[in-house]
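This is what each chain is made of:
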Amino acid sequence: MEIFSFLQHTNVAVPLFQLGLLLLVSSLVLLFGWVRLALLVHLTFALYWGYLANREALEPAINKMGSIFVVLYFGFGIVIVILALAGFFSHRD
């Protein structure tokens, strides 16, 4: 339970440059009408921000939980991206 308390009280930050980059890329992609690609861009940014960008803040909790949770996080994230890509290519409007 103390890990959940740590995660509830930890502040994670997203750099303004990266937020602007996400806004620019997703706006351009949506301008061309590629909604599925915009979803994929948002999924990959969330995967990056969830761990890599805030690794220092989350390191104490990761050390207590073990590395299996990091593997599960990236594993599920990559599986979601792969399934989204497969779904995008299998169904055309």
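Since we're looking at a predicted model, the values are computed, not measured.

### Focus on the overall build of the protein
Part 1 of the argument: Per the secondary structure count, the protein includes 5 helices and 0 strands.
Part 2 of the argument: Overall, the protein shows an N-to-C arrangement of helices and strands of α-α-α-α-α.
Part 3 of the argument: Across the 93 residues in the protein, those meeting the buried criterion constitute 23%.
Part 4 of the argument: Pairs at least 24 residues apart make up 72% of the contacts formed inside the protein by residues separated by at least 6 positions.
Part 5 of the argument: About 6,900 Å² of surface is accessible on the protein, with carbon and sulfur atoms providing 74% of the total.

### Structural notes on the packing of aromatic side chains
Part 1 of the argument: Considering all chains together, one arrives at 2 aromatic pairs under this definition.
Part 2 of the argument: A centroid spacing of 5.4 Å and a plane angle of 25 degrees characterise the contact between phenylalanine 32 and tryptophan 34, whose relative ring orientation is stacked.
Part 3 of the argument: On the basis of relative accessible area, phenylalanine 32 is assigned to the exposed category, the value being 56%.

### Thoughts on the packing of helix H2 (residues 16–31) against helix H3 (residues 35–51)
Part 1 of the argument: One can describe the packing of H2 onto H3 by two numbers: an axis separation of 8 Å at closest approach and a directional angle of 165 degrees. Our classification of the angle between H2 and H3 gives roughly antiparallel. Helix-helix and strand crossings are classified by hand; for H2 and H3 the assignment is right-handed. Across the interface between the two elements, Gln18, Leu19, Leu21, Leu22, Val25, Ser26, Val29 and Leu30 of H2 pack against Val35, Leu37, Ala38, Val41, His42, Phe45, Tyr48 and Trp49 of H3.

### Digging into the confidence of the model for the protein
Atomic detail in the predicted coordinates should be set aside for any region of low pLDDT.
Part 1 of the argument: Scored by pLDDT, the protein comes out at a mean of 80, with 89% of its residues at no less than 70.
Part 2 of the argument: Per-element mean pLDDT across the protein ranges from 67 in helix H1 (residues 2–8) up to 92 in H2.

### Quick notes on the packing of H3 against helix H5 (residues 68–90)
Part 1 of the argument: Relative to each other, H3 and H5 sit at 175 degrees, their axes nearing to 10 Å. Classified by the interaxial angle, the pair formed by H3 and H5 is roughly antiparallel. Where H3 approaches H5, its residues Arg36, Leu39, Leu40, Leu43, Thr44, Ala46, Leu47, Gly50 and Tyr51 are matched on the opposing element by Val70, Tyr73, Phe74, Gly77, Ile78, Ile80, Val81, Ala84, Leu85 and Phe88.
Part 2 of the argument: Looking at side-chain class alone, the contact of H3 with H5 contains 15 nonpolar, 3 polar and 1 charged residues.

Criteria and thresholds
Residues numbered from 1 in each chain as written. Predicted model: local features only at pLDDT ≥ 70, side-chain atom pairs only at ≥ 80, totals over all residues. Heavy atoms only, no water. Helix = DSSP H or I, 4+ residues; strand = E, 2+ residues; numbered from the N terminus. Buried < 20%, exposed > 50% of the residue type's maximum accessible area, 1.4 Å probe, protein only. Contact = heavy atoms within 4.5 Å. Areas by Shrake-Rupley, 256 points an atom, 1.4 Å probe, with all protein chains shown as cover. Phe/Tyr/Trp six-rings, centres within 6.5 Å; stacked < 30°, edge-to-face > 60°. Axes fitted to C-alpha atoms, helices over the stretch in contact; angles between N-to-C directions. Parallel < 35°, antiparallel > 145°, perpendicular 65-115°, else oblique. Left-handed = near helix turned anticlockwise from the far one by under 90°. pLDDT = per-residue confidence, 0-100. Nonpolar A, V, L, I, M, F, W, Y, C, P; charged D, E, K, R; others polar.

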